[in-house]
Every structure is written in structure tokens, then in C-alpha cells.
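Structural characterization, general
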Amino acid sequence: MAILTIKSLTKYYKDLRALSEVSLKVKAGEFVTVIGRSGAGKSTLLRCVNRMIEPSSGLIEFDGIDMRSLGRRDLRKARTRIGMIFQHFNLVPRQTVIENVLHGRLGYKSTLQGSFGIYSDEEKSHAVDVLARLGLAEQMHKRCDQLSGGQKQRVGIARSLVQDPRLILCDEPIASLDPSSAKTIMDHLHRISRDMKITILMNLHQVDVAIKYSDRIIGIREGGIVFDDEPRRLKKKIVAEIYGSDADDILFEESPE
Amino acid sequence: MTSIIEVRRMFRRREAIALASFALLAVLTLGSSIITSFDWPSCLRSFPKAFSWLAANFIPNGKALANAPKILARLAETVLVSVMATVVAAALAFLMALLGSKTTRPHPVASGLVRLVASLCRNIPVVAWAMIFLLSFGQNVLTGLLALFIGTFGFLTRAFMETVDESAESSVEALWASGAPWAATVMQAVVPSVMPQVASWMLYMVETNIRDATLVGILTGTGIGFLFDLYYKSLNFSSAAFVVICIVAVVILIEAGSNALRRVIL
Ligand SMILES: Nc1ncnc2c1ncn2[C@@H]1O[C@H](COP(=O)(O)OP(=O)(O)OP(=O)(O)O)[C@@H](O)[C@H]1O
Ligand SMILES: [Mg+2]
């Protein structure tokens, strides 16, 4: 069953067409990565899903909801079920780990409770559980600006998990991490998708990482899909097509065949 | 090769611009001296005389010290007015900054409006505001307070908008994406992120306002500025000098205090 259906999605920035007629379906629980060179439209595609960027035309259906038909309030409600993880973590640096994690609950709370940060005991214990599972139990009361990059990204993941999401969008979650932290983050996200049946839609720059973790890879070039299949079908020739003249750099890295 | 030539040409152009700017400055200085018939030599010659006069007349004597309680009371009034203007203006400026900043604005139109009002308030000098309010409210504390308030409001709105965009943009994006409402996002992400900067700007404005309040006071006949004006015009130079010394001492004190506070916050 598809949790996310995108049909003929097109996005213009003024005259620049960043996405043209993109159509794809993502099954519930699937781990899908989007690859493509810089400027291909990966971030635009991801952000159109939760309407952080307004699409110009096309259909986006998440969990049976026509996202583009939603007004302000209903859009907020729909977004509570979609987590988002960022390259630069996007935490509040001066607040503690647990405070940042609980921010993931704000979408469910009344304005008054949310404004003053009043959380229920269930919410607190859920946040503590999630942090423990991500190996951050010790860091709980540290301020986020005292954490390493890998730890910050785990806080980001925890914040999206307490949302109780059905889908997590990840915009280059490991692009500013060292290889070992990157592996930890990818392993956590992989486990989340496998054990919790949460769908993952992720932009990546590293083709080898995409091949290792994904159920499916989508290649986009100049705003259009040029590949959409299992990782094992991603041949050298197709990588070259996705990355165009950048392919030489990519293919020196570990790549299929 | 062509690139080397281009780089050389770029540097030559830059030198030419520097030379031309210098020449223009020289011409402007000379020209304006001639037009205002400003007499450089006699101006420079008058310096030593001015200093010896200062030394002779501006030393506070017993009569001046007898005025100390009155002076200190007026000084306290000036400091309080500055602090009050700053605090009230900051509260309003913070709300306006939330409506105006790219990160938190509810609508682009609101943002444009806020920016317009803020720049109007900021770009008219405080002394000019004081003159404007002088006409409608007359010579009293309210006039000075209003003038300081308006100027501070304009400045802080702009400063706070930049602070919000700089230090809260990314976390606000994350909370929007999770469906958090506007007010909760502001309270949980924006407020903690901008607090140190906001406090620092407020301290800066208190310092600035104490200086401006002295000038505005001369116009509005209130505070320490009024007292200086009074002593100066009644040729009581030693008391006027004492006022100046007190102002300088307070300004230095406040600046030292706010620097210490800033170190703690940031
Ligand atoms: N806010 C914007 N205004 C105008 N043009 C934009 C905007 N955001 C992106 N673009 C343009 O749209 C195209 C797609 O951008 P996008 O950020 O989606 O690419 P990307 O695949 O995520 O690239 P990267 O790998 O560098 O993150 C690019 O040409 C970019 O310059
Ligand atoms: Mg991107």
C-alpha cells in the first residue's frame, strides 16, 4: 500500500523549472533514497512533500490525504505525522537535549501548553525511551551546542521519532558528518525503518551509501526522474547518466560493477 | 595569460578609484572651508586658549559641590527615563520583529509594513523627534521619553529582526516542518535562541539613550540636560562642569556594568 503518492509534480522558482512532472509512489515502511547531482532538485522534491516549499502543480497524497488541498490548520495536523531531518540538524543550540526532543510534540499540543513547554508524563517518558534507544541517555541534560555532530543528528532523529511519524524526510542527513558518525546515523535510520515500519525518503550524495541501505533508489536529473528501481539495478551507465559530467568523480568511489 | 592581464587591469582600476576618492575628499574639505569661511589657522590657534579657560573655569568648586544632591537626582531621572524608554521600546520592537523577520513573519505584507515603520522611526534623529513632540506635548518628561522611545523602537526592531533571522531560522524551519503552531515555535525556538543577543542590544541602547537623553533634556527642559543648560546660561560654569563630570562618570559606569553583564550572558 502506498503511503506517499506523487503525480506530475512540477515546481517553478520564477522562470526556473526545478521539478518537472515528477511521479512516484512510496510503499509504507520502504527505505527510499533520492540521488542526483547538486541542483538536480532533490531538496525541492523532499520539501514539496510536506509543503515547506509550495509545489506549482501536481498531486501529493500522503496517507490518503491530498496535501495540496489542506488549509493552514489541517496542513499543521498532517505535518505532525511527517518527521524531517536536516543536514545541519536544526536544533535550538542553547537548549538541552531533552528539551529539543520534546519539541517534536509541539504539533500535538494546544498553543498555551506548547508555548510554555508543558508536556505530559507519557510524552516525557517516551522522549527518554527514544533517547536511550539512540544511545543518548547520558547526554539528556546537556545543552545541544556541547554535542558532537553525530550526537546532534541523533537528537534530530529523536525529535522526529517522538512525533510518532509515518514518514521521515531526510535531507542529506550525513553530509556534514565524519564517516563513522555517518555510519551510526544510517544504521539508526535503517533500524527505524525496519523495526518501526516508518517510511524513509532520503536525499543522499553518496551513491555507495544509497546502494547499501535502500530498498529503492530514485535518480533525478534536471528535475526529472531518470531511474527508479532496486539498488542492484543501478548500473555504472545509469549512474553516469544521473550525474552527467560529474560522474567521473562518483565512479572513482566504490561503485557497482 | 589573459587572466593575468585582467587581474592587473583590475588592480589598476582599483588604484585609480582610490586616488580619485582621495582627490574628491580633499576638494570637498577645501571647498566647504572656503564656503563657510572656516578659518583653519585661527581655529587651531584658539585651542590652547580654550583649554586654559577650561582649566580655570571648569573645576567644580564648593558651590558646585553644594548642588550635588540636585544634580544626582536629575541624573537619576535621566537614567531612569533612558532605561524605561529602552525596556518599553524593546518589548514592542520584539513583537514587531517577529512580524517583520523573514523567519517568523505571518505574511509578507506585515513584514513590509513593519520594515517601513521601523526605518521611519530610526532614520529621523532622536533630537528631531524631540522637536516634533515638543510642539505637541510641550516641555516635559513625556516629550523626551517619547522621543527616546521612538528612536529606540526603530533601531531595536531592525536589530531584533536580523537577530531572529540569524540565530533562529534553522530551528524554526524544523518546528514548522513538525506542525508546531506559531506561538509555540516562537516561545520554544525563537526566544531561547535570541535571548543573549536581545539582552546585549538592550544594554547598548540604554548606554546610547543616556547620552541622547542629555541632549534631548536640553531641548525639553528635563533631566540632567536641563540642569546643564540652566547652570551654563546663568554663567555658573563650575556647576555646569560638575554636571558634565557626573554624566561622563555615569556613562562610563553604565558601560562597564553592561560589558560585564554581556560577558556573563554571551
Ligand atoms: N528558493 C529558491 N529560489 C530560487 N531557486 C531555487 C530555490 N531553491 C532552489 N532553487 C534552484 O532549484 C534547483 C534545484 O534546487 P535543489 O535545492 O532542489 O537541488 P538539490 O538537488 O537539493 O541540490 P544540492 O545537492 O546542492 O542540495 C537549483 O537550480 C536551485 O538553484
Ligand atoms: Mg539539497
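Reading guide: rules and limits
Chains are numbered independently. Their residues run from 1 in the order of the written sequence. Throughout, the order in which chains and ligands are written sets their labels, letters from A for the former and numbers from 1 for the latter. The predicted origin of the model limits local features to residues at a pLDDT of at least 70 and limits the giving and counting of side-chain atom pairs to 80 or more, whereas totals for whole chains, interfaces and linings rest on all residues. Calculated side-chain values reflect all of the structure's heavy atoms, with hydrogen atoms and water omitted. The helix count covers DSSP runs of H or I at least four residues long, the strand count covers runs of E at least two residues long, and both are numbered beginning at the N terminus. C-alpha atoms define the radius of gyration, and 2.2 Å times the number of residues to the power 0.38 defines the globule rule. To sort residues, take the accessible area from a 1.4 Å probe on protein chains only and compare it with the maximum for the residue type: under 20% means buried, over 50% means exposed, and anything in between is partly exposed. Whether two residues are in contact is decided by their heavy atoms, any of which lying within 4.5 Å being enough. Reported accessibility uses the Shrake-Rupley method at a 1.4 Å probe radius. Residues are deemed covered only where the shown protein chains occlude them. Any two strands between which DSSP finds at least two bridges are classified as paired. Salt bridge criterion: a side-chain nitrogen from Lys or Arg within 4 Å of a carboxyl oxygen from Asp or Glu. For every domain, the bounds stem from an assignment made automatically or drawn from a database. When two parts are brought into contact, each loses some accessible area as probed by a 1.4 Å sphere; the total of that loss over both is the buried area.

Tallying secondary structure elements over chain B gives ten helices and zero strands in all. Each helix and strand of chain B, placed in order from N terminus to C terminus, yields the pattern α-α-α-α-α-α-α-α-α-α. Taken over the C-alpha trace, chain B has a radius of gyration of 25 Å; the compact-globule value for 266 residues is 18 Å, which it surpasses by more than 25%. A principal-axis box enclosing the C-alpha atoms of chain B has dimensions of 70 × 60 × 40 Å. Looking at chain B as a whole, 39% of its 266 residues qualify as buried. For chain B, the share of sequence-separated contacts (at least 6 apart) that also reach a separation of at least 24 residues comes to 76%. Carbon and sulfur atoms provide 74% of the accessible area of chain B, an area that totals close to 14,800 Å².

Let us now look at the pairing of strand 4 (residues 57-62) of chain A. All names here are of chain A. Summarising the sheet, strand 1 (residues 2-13) and strand 4 pair through five bridges and their orientation is antiparallel. The residue bridging Lys7 from the neighbouring strand is Leu59, located in strand 4. For strand 4 and strand 5 (residues 65-66), the ladder comprises two bridges, and the chain directions are antiparallel. Looking at strand 5, one finds that Glu61 is bridged to Asp66. The loop that links strand 4 with its antiparallel partner strand 5 comprises two residues; one of these, Asp63, has a positive phi angle of about 55 degrees.

Right, let's get into the pattern of salt bridges. Residues and elements named next belong to chain A. Going through the model one piece at a time under the given rule, you end up with 17 salt bridges over all chains. The salt bridge partner of Arg216 is Glu30, with a shortest N-O separation of 3.1 Å. Taken as a pair, Arg216 in strand 9 (residues 216-221) and Glu30 in the loop between strand 2 (16-27) and strand 3 (31-35) lie far apart in primary sequence, 186 residues in all. Taken together, the shared-partner salt bridges connect Glu30, Arg216 and Asp228 into one network.

Here we come to the domain arrangement of chain A. All names here are of chain A. Parsing chain A into structural domains produces domain 1 (1-81 + 165-257) and domain 2 (96-164). The distance between the C-alpha centroids of domain 1 and domain 2 comes to 25 Å. Taken together, the contacts link 16 residues of domain 1 with 13 residues of domain 2. Surface buried jointly by domain 1 and domain 2 totals about 1,200 Å² across both partners, of which 65% is contributed by carbon and sulfur atoms. Per-residue buried area on domain 1 facing domain 2 is highest for Thr80, Pro165 and His188; these three make up 39% of the total on that side. Counting across the domain 1 and domain 2 interface gives zero salt bridges.

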